[in-house]
Amino acid sequence: MALVKLPSFLGQRTPDGLEGRDPEFIRRMLPRVWLAAQLYFRAEVEGFENVPDEPVLFVGNHSGGASIPDSFVFNLAYHTYFTVEGRPLIGLAHEIITKSPIIGDFARKFGIVTAGPGKASELLAEGVNVLVYPGGDVEALRATRDRHTIMFDGRKGFLKLAHANRVKIVPVVATGGQETLFIFNDGRALAKTLGFDRLLRVKSLPITFSLPWGFLPGGLPNIPFPAKIRIQVLPPIDLHDLFGDEPDWDKAYDFVVSVMQVALSKLAAKQTMPVLG
Amino acid sequence: MGTTVQRSIIVRRPADEVAAIVTDPRVVLPVIGGLGRFQELTTDAEGLGEWDVFLDIGSVHVGGRVVVERPGPRQLAWHAIRGTRHQLELTVHEHGADTQVTIAMSLQLAGLVLGRVAETLARGIMVRHIDAGLQQLRHHVEFEG
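The structure displayed is predicted, hence computed values, not measured ones.

### Points about the packing of helix α12 (residues 249-268) of chain A against helix α3 (residues 113-144) of chain B
Taken N-terminus to C-terminus, the directions of α12(A) and α3(B) make an angle of 155°; their axes are 8 Å apart at the nearest point. Regarding the angle of α12(A) to α3(B), the classification is roughly antiparallel. The element α12(A) and its partner α3(B) pack so that their crossing is left-handed. For the pair α12(A) and α3(B), the contacting residues are A:F255, A:S258, A:Q261, A:V262, A:S265, A:K266 and A:A268 in the first and B:R128, B:D131, B:A132, B:Q135, B:Q136, B:H139, B:E142 and B:F143 in the second.

Here it is, written out as structure tokens:
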């Protein structure tokens, strides 16, 4: 008998896909995540009644650097509203997260898979809900002064994905995540100068202040400041209904971003003080 | 004393089209007042006159009875005659082919030291509410108008 039982995820890597999602693991983790969400982030999540009973593409604004605490809060709320046995939620993430030791395995058991061509379409065809953050690291590392701005950087792949798979977009906006660390500037120029965009697909390298790292170029997983997190799930958007079979992608992009920006600004207006909520 | 906040937004529509909405209190108040409550009281045919306008902020309701006026062809303004003492002005400017809409809001709270503290805290709240109002106005003009 082993003297020390190592966590199973230290023994073998969790598969990167729907097969890697572990409902029992999620069930075991939910109380811990709930405690963090409720006591530390005083989280409020509203609007799940807007989600139709069919596969959808959740489109969120991405905050909190590499720690993305609002993603965990959303995941918790989803799995308690729809239950662990309900329609699976699969989030697409940068490989810098899914391929990290320990954190990557944890994420994959929670239903996070590496974003890649065709991956989301496969998942939607399997009947699951897919969560994407079109802004990626550019949005997650936007300056703190822009924390209440949707910053998708002109990326329209999510629209084409939803349209091609005939699924509705369900926008999700969140505040508070970008107050769990401080970001002083837009780091895209530095990332480009150092070649991070080509070598690591990291497109933003701003100066940040976080715990325990202090000042740092870019963002490493950090201990988040206890900012109050608010999340709002919005009514679904049917691109076929609104923009037809051959959409003007620029118009569709402007519309979806505008809807999300209005909702994000309204959510931000609920805040009395930054961080405190 | 008091505190003033000014915020602007670019709306991708011609200035005349935007001004027609911004200077009509019956259209603009439901749009930018979506975060609180408002009620038309004693007004003329164009909606100018007395309104009740409140923002709901946590445990308090900021606002009161206001007199809505149109100081210029591309301006709408109001000042409080009851409740929280404040003034608000909406102004429309051409911005190339687009339009810049600006909201300036001033607030005076009672009290000496704590009144100043509350005004400082209120600045951030005013900024976020005005930003939300401007975003709703922009979306209304660009996509729902």
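On we go from here.
### Observations concerning the interface of chain A and chain B
Each side of the interface is counted separately: chain A has 11 residues, and chain B has 14 residues. Split by residue class, the side of chain A that touches chain B holds 5 nonpolar, 5 polar and 1 charged.

### Section: the confidence of the model for chain A
Note: predicted coordinates in regions of low pLDDT should not be interpreted at a detailed level. Averaged over all residues, the pLDDT of chain A equals 91, while 96% of them reach at least 70. Between residues 1-6 of chain A, whose pLDDT stays under 50, and residues either more than four places distant or in other chains, the model counts 1 contact.

### With respect to helix α3 (residues 69-81) of chain A
Residue and element names in this part refer to chain A. In a regular helix each residue adds 1.5 Å, so 13 residues correspond to 18 Å; α3 covers 18 Å between its end C-alpha atoms and thus fits that length. Among all positions of α3, only P69, D70, S71, F72, V73, F74, N75, L76, A77, Y78 and H79 are buried. Residues of α3 that are buried in the fold lie against α2 (23-40), β1 (44-46), β3 (89-93), β6 (168-175) and β10 (230-233).

### Things to note about the nonpolar core
In this structure, A:L57, A:V73, A:V130, A:V132 and A:V172 are the most contacted members of the largest nonpolar core, which totals 68 residues. Looking at this core element by element, the count peaks at 10 residues for α12(A). Discounting residues that sit within four places of it in the chain, A:V130 has contacts with A:L57, A:F58, A:I90, A:L92, A:A120, A:L123 and A:L124. B:L55, B:V66, B:V92 and B:A122 belong to the second-largest nonpolar core, a separate cluster that totals 31 residues.

### Brief notes about the sheet that holds β1(A)
Residue and element names in this part refer to chain A. One open sheet accounts for 7 strands, arranged β1-β10-β6-β2-β5-β3-β4; its pairing is mixed. Unpaired on one side and paired on the other, β1 and β4 (112-114) mark the two borders of the sheet. Averaged over neighbouring strand pairs, the angle between their axes works out to 25° when direction is ignored. Packed on one face of the sheet, α3 meets β1, β3, β6 and β10 and runs near 55° to β10. Together, β6 and β10 form the strand contacts of α12, whose direction differs from that of β6 by roughly 30°.

Calculation criteria
- Residues numbered from 1 in each chain as written.
- Chains lettered and ligands numbered in written order.
- Predicted model: local features only at pLDDT ≥ 70, side-chain atom pairs only at ≥ 80, totals over all residues.
- Axes fitted to C-alpha atoms, helices over the stretch in contact; angles between N-to-C directions.
- Helix = DSSP H or I, 4+ residues; strand = E, 2+ residues; numbered from the N terminus.
- Parallel < 35°, antiparallel > 145°, perpendicular 65-115°, else oblique.
- Left-handed = near helix turned anticlockwise from the far one by under 90°.
- Contact = placed C-beta atoms within 7 Å.
- Nonpolar A, V, L, I, M, F, W, Y, C, P; charged D, E, K, R; others polar.
- pLDDT = per-residue confidence, 0-100.
- Expected span 1.5 Å × (residues − 1).
- Buried ≥ 20, exposed ≤ 12 C-beta atoms within 10 Å, placed from the backbone.
- Core = buried A, V, L, I, M, F, W, Y, C linked by C-beta atoms within 7 Å.
- Pairing = 2+ DSSP bridges.

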